[in-house]
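Report on the structure
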Amino acid sequence: MPQPDQVKRVAVIGAGTIGASWTAHFLAHGMHVAVTDPNPAAEAYVRRFVADAWPALARLGMVAGASPDAWSFHATPQQAVQGAAFVQENAPERADMKLALYAAIEDALEPDAILASSSSGLIMSELQAGLRTPERFVIGHPFNPPHLIPLVEVVGGKQTSPATIAWCLDFYNRIGKKAIHIRKEAPGHLANRLQAALIREAWDAVASGLASVEDVDTAITAGPGLRWAIMGPHMTLHMGGGEGGYAHLLDQFTSAFQGWWKTMRTPEVTDALRQQLIEGVNREAHGRGIGELSRERDALLVEIMEVIARGRAKG
Ligand SMILES: NC(=O)c1ccc[n+]([C@@H]2O[C@H](COP(=O)([O-])OP(=O)(O)OC[C@H]3O[C@@H](n4cnc5c(N)ncnc54)[C@H](O)[C@@H]3O)[C@@H](O)[C@H]2O)c1
């Protein structure tokens, strides 16, 4: 395996929402990125995406000595992986597609290259079955947009080697990511399971008439969501226990949480609920399209990340 700090060339397979954003991130860290996508329009999409993302990456101090033009577009994945020490795969979230892709490129990969899949919830043990070199295939799951959100979940399959997992954690952490090791395979890994628990209640709150779509969103953005960028759920509860910390909180609230859990249910996503959810976000967007909302989100994300970095640097 190459040294994680010696990686000069990476490949990005599948250049949609996630692949284009990974491309910007790898470029900002001075690597050459060989991009491939079966849709020829992806080349123009990546060019636009990198140009739009570059100012935010510069502001976060990531682009020193890097070029936004150090990438190439390839017609086939076999061409893109030539000479790449690391491959980030971002093909559609379908096991059959990823299985066919891995079988088609395995022989073209460099002998010591590692392939990480961005898959949001597929199980690597199933994707690597039947490969000749399964030990170098791993999940490296980012959060959208990967060029801004630091988290990457690294999950090995049954046949992934511990060395591959350690390599990926080191590689991602060296390029500004916060990589965590998820120790067991589970659909949705960890962070999406946490989100799924919240989304279940967010949908049911609308379905049961507890609150409107807009008020559910406000309940998070004006409430616990503000704290979650600073402290995770465990540490937040530790603080909620006052001087007695988590122990006091657990004494005081465990039975309350257990009682609330009993009243929670998985909503049926009927056509009527779908309609309510869609109408709710349309009201909340006040006519802003996805492009405008993304720009707003990304600008504020950069500011939040800067504030947190400054605060942490001060200690
Ligand atoms: N969108 C998200 O929020 C998000 C977040 C984290 C991870 N992911 C994961 O990233 C991966 C890609 O998701 P996305 O949202 O970027 O999807 P997308 O639909 O935006 O992009 C997928 C790209 O793959 C290309 N493609 C189609 N067939 C292909 C093939 N056989 N080989 C290579 N590329 C092919 C498509 O042309 C398209 O450009 C999925 O595994 C998804 O679970 C998505």
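As the structure is a prediction and not an experimental result, all values here were calculated from the model.

**A short note on the domain arrangement of the protein**
Here the domain parsing of the protein yields domain 1 (4-182) and domain 2 (191-314). Between the C-alpha centres of domain 1 and domain 2 there is a distance of 29 Å. Contacts between domain 1 and domain 2 engage 10 residues on the former and six residues on the latter. When grouped by side-chain class, the residues that make up the side of domain 1 that touches domain 2 number six nonpolar, two polar and two charged.

**Points about unusual backbone geometry**
In this structure, Pro145 follows Asn144 across a cis peptide bond, with omega equal to -5°. Despite not being glycine, His189 has its phi angle at roughly 55°, a positive value. With respect to the helices, strands and loops of the structure, His189 is situated in the loop between strand E8 (178-182) and helix H7 (191-207). Even without being a glycine, His286 presents a positive backbone phi close to 45°. Secondary-structure assignment places His286 in the loop between helix H12 (271-285) and helix H13 (290-314). A residue is classified by how many C-beta atoms lie within 10 Å of it, and His286, with 6 of them, is exposed.

What counts, and where the lines are drawn
Residues numbered from 1 in each chain as written. Predicted model: local features only at pLDDT ≥ 70, side-chain atom pairs only at ≥ 80, totals over all residues. Domains from an automatic or database assignment. Contact = placed C-beta atoms within 7 Å. Nonpolar A, V, L, I, M, F, W, Y, C, P; charged D, E, K, R; others polar. Helix = DSSP H or I, 4+ residues; strand = E, 2+ residues; numbered from the N terminus. Buried ≥ 20, exposed ≤ 12 C-beta atoms within 10 Å, placed from the backbone.

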